[in-house]
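Okay, here's what each chain looks like letter by letter:
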Amino acid sequence: MLLIGLILLLIGFVTGISILWTIGIILVVIGAVLWILGSVGHAVGGRRHYW
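Only a predicted model underlies this, so the values are computations on that prediction, with no experimental measurement involved. (Residues numbered from 1 in each chain as written. Predicted model: local features only at pLDDT ≥ 70, side-chain atom pairs only at ≥ 80, totals over all residues. Heavy atoms only, no water.)

**Quick word on helix H2 (residues 18-39)**
Moving on, step 1. Compared with an ideal rise of 1.5 Å per residue, which puts 22 residues at 32 Å, H2 spans 31 Å between its outermost C-alpha atoms and is within 8% of the ideal.
Moving on, step 2. Among all positions of H2, only Gly24, Leu27, Gly31, Leu34 and Gly38 are buried. Looking straight down H2, one finds its buried side chains confined to an arc of 105°; they lie on one side. Residues Ser18 and Ile36 are exposed on H2 and point more than 90 degrees away from its buried face.
Moving on, step 3. Packed against the buried residues of H2 are helix H1 (2-15).
Moving on, step 4. The first or second residue beyond H2 is glycine 41, which carries a positive phi of 100°. (Helix = DSSP H or I, 4+ residues; strand = E, 2+ residues; numbered from the N terminus. Expected span 1.5 Å × (residues − 1). Buried < 20%, exposed > 50% of the residue type's maximum accessible area, 1.4 Å probe, protein only. Arc of directions from axis to C-beta. Contact = heavy atoms within 4.5 Å.)

Given below as structure tokens:
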């Protein structure tokens, strides 16, 4: 999810399409939260690790 968010951020920045920029930011934030929760040992969506 982090990778997709970063790709959308890059495409949105280069092309100037603001909706891609917004969706990219949201995906990066969600991906970072899931990654942090999985790293500290909390089960995310029934899984012990999220990747």
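**Structural notes on H1**
Moving on, step 1. Between its first and last C-alpha atoms H1 spans 20 Å; for 14 residues at 1.5 Å apiece the expected length is 20 Å, and the two agree.
Moving on, step 2. Those residues of H1 that are buried lie in contact with H2.
Moving on, step 3. Just beyond H1, the residue with positive phi is glycine 16, at close to 80°.

**With respect to the environment of leucine 34**
Moving on, step 1. Secondary-structure assignment places leucine 34 in helix H2.
Moving on, step 2. The buried category is assigned to leucine 34, whose relative accessible area is 17%.
Moving on, step 3. Put simply, leucine 34 and methionine 1 are 33 residues apart on the chain and 9.1 Å apart in space, counted from C-alpha to C-alpha.

**Brief notes about a nonpolar patch on the surface**
Moving on, step 1. Residues Leu10, Phe13, Val14, Trp21, Ile25, Val29, Val33, Ile36, Leu37 and Val40 make up a contiguous nonpolar surface patch of roughly 980 Å² in combined accessible area.
Moving on, step 2. Per-element tally for the nonpolar patch: the top contributor is H2, with 6 residues.
Moving on, step 3. Relative to the helices and strands, phenylalanine 13 is located in helix H1.
Moving on, step 4. Look at phenylalanine 13 and you get exposed, because its relative accessible area is 61%. (Patch = residues over 30% accessible without salt bridge, like charges linked within 9 Å, V, L, I, M, F, W, Y side chains within 5 Å. Areas by Shrake-Rupley, 256 points an atom, 1.4 Å probe, with all protein chains shown as cover. Salt bridge = Lys/Arg side-chain N within 4 Å of Asp/Glu carboxyl O.)

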